Every structure is written in structure tokens, then in C-alpha cells.
Amino acid sequence: MATGTLPEHVVTTHDPAATRALAARLAAVALAGDLVCLVGELGAGKTQFAKGFAEGLGVRDTVNSPTFVLMAEYDGRLPLFHLDLYRLDDAADALAGGLLDERQRDGVALVEWAERLGAALPVGRLDVIIAGTGDEPRRITLRAGDPGFARYLRAAA
């Protein structure tokens, strides 16, 4: 997850409902082909964020962490491809397993534990870095990988 001069916006949420609401606002500006990368410790709220993002896309199904199936697909305004790379060692596992493919150009790929993709991550993406666990507030840093993703930062403001 690169840092430096990339545009970013920081939001603090105080409960899971606020994290979901933030994610729903961001989903309103999602476009086909977007990649949203979630990073944070176990229990930081990545799946809560995913639930809110799905709600913002109009997904009606129950969204759970796809840890054991690695990817779940949901129908909404745009298809949502929810990936969880927790059990994978590195990008080679994800690529060899076909988790990242051309279908995702038609929807949004939302990836938990995205840092496991390392150098395989494209520049064009939104990084969502969630700090905090348990009952602590969450400090959520949104980082646009390129100018096309700055719309997410504006939606969060």
C-alpha cells in the first residue's frame, strides 16, 4: 500500500453502523471496473465496510466475509465481487486460483486483506485502511491510487 503524495481523506467512525454508512456513501460513486482494497487488522471492520458498500450498491443479499469461499458475487446496481484473501499467502495464490479475472471489469471488486496482492495491485484503485479494533473508534484512511478514484474522497467528505 503505497503512501506519499497520493490524495487521501481520513474519516473517524465510532461504531459499525457509521462504518457501514460511510461505505454506502462511497458505493454511490462506484463505477464498473473499480477496485476497492480493504486493509486492517483482524476485527478492524473490513466486513462491516463491505456490508455497507454492498448496501450502497443496492445488494439485497446478506453479505458475509467470504473467508472460506474466497469470493462471493452479489447483484446490485453494479455486480459486487467480494474477495477475502486472508487464507492466501500471496498474489500468486489469488492469480492462480482465478480470483481476479475479466468479469470484474463489469462490476466492483472489493478485496479484504488486499495487501496480500503486493506488487500485483494495479495503481488504479481505492485503498481503505482501517485502524482500530474492538470497541475503539475506527480511523479510516481513503487513498486514491490515481485521479480517477478521487471521486471516492469527495463522496466521503
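Residues numbered from 1 in each chain as written. Predicted model: local features only at pLDDT ≥ 70, side-chain atom pairs only at ≥ 80, totals over all residues. Heavy atoms only, no water.

Colleague: Looking at this structure, how should I read the packing of helix H1 (residues 16–27) against helix H2 (residues 46–56)?
Modeller: Think of two packed helices as two axes; the pair is described by the angle between the axes and how far apart they sit. For the pair H1 and H2, the least separation of the axes is 7 Å and the interaxial angle reads 45 degrees. When the interaxial angle is binned, H1 and H2 end up oblique. Our pair here, H1 against H2, has a crossing hand that is right-handed. Touching Pro16, Thr19, Arg20, Ala23, Ala24, Leu26 and Ala27 of H1 are Gln48, Phe49, Lys51, Gly52, Phe53 and Gly56, all from H2. Looking at the contact of H1 with H2 residue by residue, the classes come out as seven nonpolar, four polar and two charged. (Axes fitted to C-alpha atoms, helices over the stretch in contact; angles between N-to-C directions. Helix = DSSP H or I, 4+ residues; strand = E, 2+ residues; numbered from the N terminus. Parallel < 35°, antiparallel > 145°, perpendicular 65-115°, else oblique. Left-handed = near helix turned anticlockwise from the far one by under 90°. Contact = heavy atoms within 4.5 Å. Nonpolar A, V, L, I, M, F, W, Y, C, P; charged D, E, K, R; others polar.)

Colleague: So what exactly am I meant to see when it comes to the pattern of salt bridges here?
Modeller: For side chains bearing opposite charge, pairing can occur when the charged atoms are close. Using the criterion set out here, one finds three salt bridges in the structure. One salt bridge connects glutamate 8 with arginine 143, and the closest N-O pair in it is separated by 2.9 Å. Note that glutamate 8 is positioned in strand E1 (residues 8–13) and arginine 143 in strand E7 (residues 138–144), a separation of 135 residues in sequence. A relative accessible area of 42% means that glutamate 8 is categorised as partly exposed. The exposure class of arginine 143 is buried, given its relative accessible area of 9%. (Salt bridge = Lys/Arg side-chain N within 4 Å of Asp/Glu carboxyl O. Buried < 20%, exposed > 50% of the residue type's maximum accessible area, 1.4 Å probe, protein only.)

Colleague: Please explain the layout of surface pockets as it appears in this structure.
Modeller: Taking a probe equal in size to a water molecule and rolling it over the atoms shows the remaining empty space. Counted as a void, the second largest pocket has a volume near 150 Å³. Lining the second largest pocket are 14 residues, with Leu42, Gly43, Lys46, Thr47 and Glu112 positioned closest to its centre. The dominant element in the lining of the second largest pocket, judged by the number of residues it contributes, is H2, at three residues. Its residues placed into classes, the lining of the second largest pocket shows four nonpolar, six polar and four charged. (1 Å grid on protein atoms, 1.4 Å probe; cavity = no way out; pocket = protein on both sides within 12 Å on 5 of 7 lines; lining within 4 Å. Points joined across faces, edges and corners; volume = space filled by probe spheres on them.)

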